[in-house]
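Listed below are the residues making up each chain.
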Amino acid sequence: MRWGMVIDRKRCIGCYACMISCKQAHALPPEVFWNRVLISETGTYPTVTKQILPVLCNHCKEAACVKVCPTGATTKREDGIVYVDANLCVGCRYCGIACPYQMRTYHADKRKEYWPGQGLTELEKVGREVLYPLQPHTAIKCNFCMERVDEGIRKGVKPGIDRDASPTCVNACPVKARTFGNLDDPNSNVSKLIKERKGYQLHPEFGTEPSVYYLD
Amino acid sequence: MKLYEWMVKPTAQKEWIDKRGILFWIAFFSIELGAGAFFAASFVGSLPAMLIGWLVCAVIGGSAHLLYLGHPLRFWRMLLKPGTSWISRGLIFIGFFLLLGLIYMALAFFTGTSPTALLVIVDIFAFLVIIYGGFAMNYVNGIPLWNTALLPILFVVSGIWGGAGVGLGVALATQSSATEMVLEEWIRILMIAYIILFVVYLVSVRYNNVISKFSVYEIVAGKYWFLMWFVVVVLGLAFPLAMSITSYVIGLEHMAVGLLYLSILLELIGDMTTRYLVLKNGYYAPLIQSLGFAAS
């Protein structure tokens, strides 16, 4: 069992729904993104290409962040999800440095509000204190919505197939550019997509074996 | 940097140099300098220089490291994963170095005995303390400026060179001429080795890939050229080299003490600036390979 994601860049329209839904689901403070949609142009005039690249933690099979973490706060579960146990994290930021995809954030300020100088709104308070409390001064990152995945499995629904067990970014995508599933199962939706459409990983030369694949 | 630049241009690491990251830079430098001073002083039997080195490592380096952490009270947890983490290994090396170094100095001071076996063990840990920072950075394969085997060697040489400088400063203050002569000899050799290594490091990294080429460009001719050429090269290398050549020609005893102190100070400033430049210009490869920037 190894959870993974396939992102179809041909489908992605750069609407930022994944990014926003992730921020909302995890009550992320300003300037913290576990999901990002990078939009840019490559090439030079007149042969310019618009590039849209949704990025998130790659939950690498050979995760550099897991190896460098001096406390064991960053660990990889049996299902391949790489997560941070905030109670063990000392905030040395070595994981953030070691990640070649720069997908980690050091969560410094718990009280940073969206409307500067006006304090936290009621929604922000509920989000950060009740719904998804993040421990300040620790490293944070995407965890493939592992609570949803675990809860879904407990309920008997299938992650990647049923919405209740799938990551929120997958559910939010209006064009179904994201697919979630088991990479170890050759008959899973993600494995088939990778095989049929020659899925590729970001920077495979680093030897991290990301669990997030892209389709062009 | 605008969001779109992140994917097409090299992105500099910030965690270990910007804002509170300054503490990491200070810790990184002072721990290696302190251990280097102890290491160099142990070969000439200078107890005061060993003590200064130990204090620099423990007080400045240790406190800067702890203050840098998000949760300093949990620092002991960092001892738990020496199998894969260089930070964990480094903390263990520092712990053993400080503990055994203190025992050695206490024995030497209070009983007048200096057990050679213990000193060898302390020196081994001092050496490991000097080298671990280089390996911690070298391990990061996303930053090609750091991901070279030359980096730990460069930091070892600079750590011992700087440490020998501190030892010389202490010897000048305590008027120990025999120690001065030996340490000046060390400084001369290490300085030449450092200059050669530094040039080889920059040139070899420059040809690694376009990201490291960009990093080296930023250091040598980009926005940090002044720090590189004036602070590192002129003040940190050329001036101490000139002083070292002069002392070799006319003899150390004929050198003005003030000039020697200035030389040591400038060498340390140059070394610290070099580390700043290496940390500041650690660039990651962009996620989309374009505009001539590719990971390899």
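Every chain is numbered independently, its residues counted from 1 as its sequence is written. Numbering of ligands from 1 and lettering of chains from A proceed in the order in which they are written. This being a predicted model, a pLDDT of at least 70 is required before a residue's local features are given, and a value of 80 or more before pairs of side-chain atoms are given or counted; all residues contribute to the totals for chains, interfaces and linings.

Overview of the overall build of chain B
Next, step 1: For helices the rule is a DSSP run of H or I covering at least 4 residues; for strands it is a run of E covering at least 2, with both sets numbered from the N terminus onward. The helix and strand tally for chain B stands at 10 helices and two strands.
Next, step 2: Listing each helix as α and each strand as β along chain B from the N terminus yields α-β-α-α-α-α-α-α-α-α-α-β.
Next, step 3: Relative to its length of 296 residues, chain B is compact, with a C-alpha radius of gyration of 20 Å against a globular reference of 19 Å.
Next, step 4: Once the C-alpha set of chain B is aligned to its principal axes, its extents read approximately 65 × 50 × 30 Å. Based on C-alpha atoms, the radius of gyration is set beside the globule rule, defined as 2.2 Å times the residue count to the power 0.38.

Some points on the overall build of chain A
Next, step 1: Each helix and strand counted, chain A has seven helices and nine strands in total.
Next, step 2: Structurally, chain A occupies a C-alpha span of about 50 × 45 × 35 Å along its principal axes.
Next, step 3: In chain A, which comprises 216 residues, the proportion classed as buried is 46%.
Next, step 4: Throughout, a pair of residues is in contact if the C-beta atoms placed from their backbones lie within 7 Å. Looking at chain A alone, contacts between residues at least 24 apart form 58% of all its contacts between residues at least 6 apart. For the exposure call, what matters is how many other C-beta atoms sit within 10 Å of a residue's own: 20 or more marks it buried, 12 or fewer exposed, and in between partly exposed, using C-beta atoms placed from the backbone.

Quick look at unusual backbone geometry
All names here are of chain A.
Next, step 1: The residue after tyrosine 45, namely proline 46, is reached through a cis peptide bond having omega 10°.
Next, step 2: At glutamine 102, a position not held by glycine, the phi torsion is positive, near 55°.
Next, step 3: Inspection of the secondary structure assignment puts glutamine 102 in the loop between helix 3 (94-98) and strand 6 (105-107).
Next, step 4: The backbone phi angle of histidine 203 is positive, close to 45°, even though this residue is not glycine.
Next, step 5: Position of histidine 203 relative to the elements: it lies in the loop between helix 7 (189-196) and strand 9 (212-215).
Next, step 6: Given 20 C-beta atoms within a 10 Å radius, histidine 203 is considered buried.

Considering the nonpolar core
Next, step 1: What we call a nonpolar core is a set of buried Ala, Val, Leu, Ile, Met, Phe, Trp, Tyr and Cys residues whose membership is set by joining through C-beta atoms within 7 Å. Cys65(A), Ala98(A) and Val129(B) are the most contacted members of the largest nonpolar core, which has 151 residues in total.
Next, step 2: With 15 residues, the top contributor of residues to this core is helix 2 (residues 21-44) of chain B.
Next, step 3: In this structure, Ala98(A) is in contact with Ala64(A), Cys65(A), Val68(A), Tyr139(B) and Val140(B), ignoring residues within four places of it in sequence.

Some thoughts on the pairing of strand 3 (residues 49-56) of chain A
Look at any regular strand and the pattern is simple: side chains alternate between the two faces of the sheet.
All names here are of chain A.
Next, step 1: For two strands to pair, DSSP has to find at least two bridges joining them. Looking at chain direction, strand 2 (residues 35-42) and strand 3 are connected through eight bridges and run antiparallel. Residue pairing in the sheet places isoleucine 39 in a bridge with isoleucine 52 of strand 3.
Next, step 2: Linking strand 2 back to strand 3 in an antiparallel pair, the connection comprises six residues, with glycine 43 at a positive phi of about 85°.

Some points on the interface of chain B and chain A
Next, step 1: Tallying the contact residues gives 34 residues for chain B and 33 residues for chain A.
Next, step 2: When contributions to the side of chain B that touches chain A are tallied by element, the ones reaching two or more residues are helix 1 (5-8) and helix 4 (86-110) of chain B.
Next, step 3: A per-class count over the side of chain B that touches chain A returns 19 nonpolar, 11 polar and four charged. Note on residue classes: Ala, Val, Leu, Ile, Met, Phe, Trp, Tyr, Cys and Pro are nonpolar, Asp, Glu, Lys and Arg are charged, and everything else, Gly too, is polar.

Details of helix 7 (residues 177-206) of chain B
Next, step 1: The terminal C-alpha atoms of helix 7 of chain B lie 43 Å apart, and with 30 residues this matches the ideal 44 Å at 1.5 Å per residue to within 8%.
Next, step 2: Those residues of helix 7 of chain B that sit buried are Thr179(B), Glu180(B), Leu183(B), Glu184(B), Trp186(B), Ile187(B), Leu190(B), Met191(B), Tyr194(B), Tyr201(B) and Val205(B). An expected span of 1.5 Å times one less than the residue number is assigned to each helix.

Some details on the sheet that holds strand 1 (residues 3-8) of chain A
Note on sheets: strands pair through backbone hydrogen bonds, and any given pair is parallel or antiparallel.
Residue and element names in this part refer to chain A.
Next, step 1: Taken in spatial order, the three strands make up an open sheet running 8-1-9, and their pairing is mixed. Only two strands of the sheet have a single neighbouring strand rather than two, namely strand 8 (178-182) and strand 9. The sheet shows a mean angle of 25° between the axes of neighbouring strands, taken without regard to direction.
Next, step 2: Relative to strand 8, strand 1 runs antiparallel, the two sharing five bridges. Paired with isoleucine 7 across the two strands is arginine 178, which belongs to strand 8. Note on method: axes are straight lines fitted to C-alpha atoms, helices fitted across the in-contact stretch only, with angles between N-to-C directions ranging 0 to 180 degrees.

Considerations on the packing of helix 7 of chain B against helix 8 (residues 210-220) of chain B
Residue and element names in this part refer to chain B.
Next, step 1: At a minimum axis distance of 7 Å, the contact between helix 7 and helix 8 shows a crossing angle of 135°. Taken together, helix 7 and helix 8 sit at an angle that is classed as oblique. Residue-level contacts link Leu202, Val205 and Arg206 of helix 7 to Ser212, Lys213, Val216 and Val220 of helix 8. Angular relationships are summarised with four words: roughly parallel below 35 degrees, roughly antiparallel beyond 145, roughly perpendicular across 65 to 115, and oblique for the angles in between.

Let's talk about the confidence of the model for chain B
Residue and element names in this part refer to chain B.
Next, step 1: When pLDDT is averaged along chain B, the result is 92; 95% of the residues meet or exceed 70.
Next, step 2: In the model, residues 291-296 has pLDDT below 50 throughout and makes 20 contacts with residues more than four positions away in sequence or in other chains.
Next, step 3: The ipTM value of the predicted complex is 0.91, and its pTM value is 0.92. Scored from 0 to 100, pLDDT records how confident the predictor is in each individual residue.

Description of the packing of helix 2 of chain B against helix 3 (residues 47-68) of chain B
Residues and elements named next belong to chain B.
Next, step 1: Their axes nearest at 7 Å, the elements helix 2 and helix 3 cross at an angle of 160°. Here helix 2 lies roughly antiparallel to helix 3, going by the angle between them. Between helix 2 and helix 3 the crossing geometry is left-handed.
Next, step 2: Considering only residue class, the contact of helix 2 with helix 3 consists of 20 nonpolar, six polar and no charged. Each helix crossing is assigned a hand: it is left-handed if the near helix lies turned anticlockwise from the far helix by less than a right angle, otherwise right-handed if that turn is clockwise.

Re helix 5 (residues 116-138) of chain B
Next, step 1: End to end, helix 5 of chain B covers 33 Å across 23 residues, agreeing with the expected 33 Å (1.5 Å per residue, within 8%).
Next, step 2: One fitted axis covers the seven residues ending at a residue, a second covers the seven starting there, and the bend at that residue is the angle between these axes. Of all the bends in helix 5 of chain B, the greatest measures close to 35° and is centred on Ile131(B).

Re the environment of Leu183(A)
Residues and elements named next belong to chain A.
Next, step 1: For leucine 183, the position within the fold is in the loop between strand 8 and helix 7.
Next, step 2: Taking the C-alpha atoms as reference points, leucine 183 and proline 46, separated by 137 residues in sequence, lie 39 Å from one another.
Next, step 3: Among all residues touching leucine 183, those that are not within four sequence positions of it are Arg2, Gly4, Val190, Ser191 and Ser211.

Regarding the environment of Ile196(B)
Next, step 1: Here Ile196(B) lies in helix 7.
Next, step 2: Along the chain, Ile196(B) and Tyr224(B) lie 28 residues apart, while their C-alpha atoms are 21 Å from each other.

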